[in-house]
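Coordinates in review
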Amino acid sequence: MQFRQQALAKLQSPEELDLPVRLARPQGWLALGVTVVVMAAASVWAVTGSVASTVSAQAVLTHGQGSYLLQSPVTGQVSSVLARQGQRLPAGAPVLKVRTAQGDATVRTVAAGRVTTLAATIGQIIRTGTDVAAVEKIAHASDPLYATVYVPAENAAAIPAHAPVDLTVSSVPTERYGVLRGHVKSVDRVAQSPQSIAAFLGDSQLGEQFTRKGRPVAVLVALDRSRSTRSGYRWSTGGGPPYRLDSMTLASGSVRLADQRPLDWLLP
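Residues numbered from 1 in each chain as written. Predicted model: local features only at pLDDT ≥ 70, side-chain atom pairs only at ≥ 80, totals over all residues. Heavy atoms only, no water.

**Some points on the overall build of the protein**
For clarity, the cut-off: Secondary structure elements are defined from DSSP: runs of H or I of at least 4 residues count as helices, runs of E of at least 2 residues count as strands, and each element is numbered from the N terminus. Using a 1.4 Å probe on the protein chains alone, a residue whose accessible area is under 20% of its type maximum counts as buried, one over 50% counts as exposed, and one in between counts as partly exposed. Shrake-Rupley sampling with a 1.4 Å probe provides the accessible areas, and residues are treated as covered by the protein chains on show and by no other component.
Looking only at helices and strands, one finds seven helices and 14 strands in the protein. Taken across its 268 residues, the protein has 36% of its residues classed as buried. With the model as given, the accessible surface of the protein reaches about 16,500 Å², and the carbon-plus-sulfur share is 54%.

**As for helix α5 (residues 194–201)**
Rules: The arc under discussion is defined with respect to the helix axis, by the directions toward the C-beta atoms. Every residue pair with non-hydrogen atoms within 4.5 Å of one another is taken to be in contact.
Residues of α5 that are buried: Pro194, Ile197, Ala198 and Leu201. Buried residues of α5 fall within an arc of 100 degrees about the axis and therefore sit on the same side. On its buried face, α5 is in contact with β1 (54–63), β2 (67–71), β10 (145–152), α6 (204–209) and β13 (216–223). Just downstream of α5 lies Gly202, where phi reads positive at about 70 degrees.

**Brief notes about the sheet that holds β10**
The condition is simple: Here, a strand pair is defined by DSSP locating no fewer than two bridges between the strands. Orientation is described by lines fitted to C-alpha atoms, with helices fitted over the stretch in contact, and by angles between N-to-C directions that extend from 0 to 180 degrees.
Spatial strand order, β1-β10-β13-β12-β11-β14: six strands in a closed barrel with antiparallel pairing. Neighbour-to-neighbour, the strand axes of this sheet turn through a mean angle of 40 degrees, independent of strand direction. The sheet contact formed by β1 and strand β14 (residues 250–256) spans seven bridges and is antiparallel. Bridging across to β14, Ser56 finds its partner in Ser254. Relative to the sheet, α5 contacts β1, β10 and β13, its axis offset from that of β10 by approximately 170 degrees.

**Things to note about the sheet that holds strand β8 (residues 125–126)**
Taken together, four strands build an open sheet; the order of strands is β6-β5-β3-β8 and the sheet is antiparallel. The outermost strands of the open sheet, each flanked by one partner alone, are β6 (103–108) and β8. When strand β3 (residues 76–81) meets β8, the two strands line up antiparallel, connected through two bridges. What sits directly across from Gly76, in β8, is Ile126.

Printed below as a string of structure tokens:
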């Protein structure tokens, strides 16, 4: 009742009828203006802006042609090992001698390269098709290194040509020397099986390791060259490590995907 009497008293005061009506305070107009500006900016960004994203995956440093597993063409006992690990050999070079029922046989390289693994020892009994060595296909010591990044298949289509790649190399302390720089050279069209990865890298264990979460797609990354670093490649810190990089070194690659518009997230 008290509030009603006060309202009736105000209506009976004719001197207050001609006062202007205050719709909002200045603080209210300021808040409204800021809200409108923010919403307009967000709408423009949703239409014209873009969002950068990356995908991380396991990688390995290799030479461009990869490696191959050298298999014994005969069954018998290894009588001598003619090559040593790390040695570069031409095509057709002898690697092992095997004593068979028909006499001695020689296991030779299929293509020129560097022996990265010797799996056979003197006195060992091997069968036809046994893996006796892994040979990396490299003709010259100056051949550049590449990185092969095994990206999940669902992300492969979003990788643009020449996309930048940052590589964290297992043999290089990242906090001191940074990451290795590179760019996408090519993206395979088919997913890799453990067997195909093992055939390319010459290592069946890596084939199993890289496919534990499904069959990935191989992305070949060209490493950015630099004449001012000891390794011969460009690093995020400038100088990089004071030593050269070896092939078959494991790494982790971060590949930048194609930019995506925020509006695409809202569209079906």
